[in-house]
Amino acid sequence: MPKKRTGYKIAPSGLSCSEASPYFYVPSNLTQGAAIKFQRAEIVSLRWVIGARADLVWFIGSVLSSYLLLILYAGGILPLLPMMAAWAILIDAPHVFATFSRTYFDREERRARKWLLAG
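Residues numbered from 1 in each chain as written. Predicted model: local features only at pLDDT ≥ 70, side-chain atom pairs only at ≥ 80, totals over all residues. Heavy atoms only, no water.

In terms of regular secondary structure, the protein chain is built from 5 helices and 2 strands. Walking the protein chain from its N terminus toward its C terminus, one meets helices and strands in the order β-β-α-α-α-α-α. Nonlocal contacts in the protein chain, meaning residues at least 24 apart in sequence, comprise 9% of its contacts between residues at least 6 apart. Total accessible area on the protein chain stands at roughly 10300 Å², and carbon and sulfur atoms take up 67% of it. (Helix = DSSP H or I, 4+ residues; strand = E, 2+ residues; numbered from the N terminus. Contact = heavy atoms within 4.5 Å. Areas by Shrake-Rupley, 256 points an atom, 1.4 Å probe, with all protein chains shown as cover.)

Dropping the structure here:
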């Protein structure tokens, strides 16, 4: 049986408070300013998508590598054509193939989502 909460709930304008929502519950012993800080801390999750190392490599690292390529191209160090060819072969082609193999090449997926995949 879930633990009974004591306190009050707050929500930003446009959002509703529900009994099932843990994000807007604030203990009653907090002041209004502390309650707003508590609420913001509850809404913004600082958990990793995959894990700390994987997120930093794949999400942050990919953005940083894009900026590095832009700097190398803008500085005249790396020509555009070889850079785009390497990107298309090493990064885009596997991504496109993975997308197609999971959707269009998968008979069950194609049958389940034929209207979505057609357009």
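Picking up after the structure, the text goes on.
Here helix H3 (residues 80–102) contains 23 residues, and its C-alpha end-to-end distance of 31 Å stays within 8% of the 33 Å for a straight helix at 1.5 Å per residue. Along H3, the sharpest kink reaches roughly 40°, centred on Asp-92 and followed within four residues by the proline Pro-94. (Expected span 1.5 Å × (residues − 1). Bend = angle between axes of the 7 residues up to and from the residue.)

All told, the structure shown has 3 salt bridges when counted by the stated rule. Arg-102 is the salt-bridge partner of Glu-109, the closest N and O atoms lying 3.3 Å from each other. For Arg-102, a relative accessible area of 48% translates into the label partly exposed. The shortest N-O distance in the salt bridge between Glu-109 and Arg-113 comes to 3.1 Å. Beyond isolated ion pairs, a larger network of salt bridges with shared partners links Arg-102, Asp-106, Glu-109 and Arg-113. (Salt bridge = Lys/Arg side-chain N within 4 Å of Asp/Glu carboxyl O. Buried < 20%, exposed > 50% of the residue type's maximum accessible area, 1.4 Å probe, protein only.)

What follows deals with the confidence of the model for the protein chain. Per-chain confidence: the protein chain averages 74 in pLDDT, with 62% of residues scoring 70 or above. Looking at the elements of the protein chain, mean pLDDT is at its lowest for strand E1 (residues 8–9), recorded as 48, and at its highest for helix H4 (residues 107–112), recorded as 90. Confidence over residues 7–11 falls short of pLDDT 50; this stretch has 28 contacts with residues more than four positions distant or in other chains. Scored below 50 in pLDDT, residues 13–25 makes 29 contacts in the model with residues more than four places away or belonging to other chains. (pLDDT = per-residue confidence, 0-100.)

Within this structure, the stated rule accounts for 3 aromatic pairs. Between Phe-97 and Phe-105, the ring centres sit 6.3 Å apart and the planes meet at 55°, which makes this aromatic pair tilted. Phe-105 carries the same exposure label as Phe-97, and that label is exposed. Grouped by ring-pair contacts, the aromatic residues Phe-97, Phe-100, Tyr-104 and Phe-105 constitute a single cluster. (Phe/Tyr/Trp six-rings, centres within 6.5 Å; stacked < 30°, edge-to-face > 60°.)

Right, let's get into the environment of Leu-80. The residue Leu-80 is located in helix H3 in this model. Taking the relative accessible area as the measure of exposure, Leu-80 reaches 40% and is therefore partly exposed. Remark: the alpha-carbon pair of Leu-80 and Leu-69, spanning 11 residues in sequence, is separated by 9.5 Å.

With that out of the way, let us pick up helix H2 (residues 52–74). Over its 23 residues, H2 runs 31 Å from end to end, which matches the ideal 33 Å to within 8%, given 1.5 Å per residue. Where H2 bends most, the angle comes to about 40°, and this point is Gly-61. Looking at the residues trailing H2, positive phi occurs at Gly-76, about 80°.

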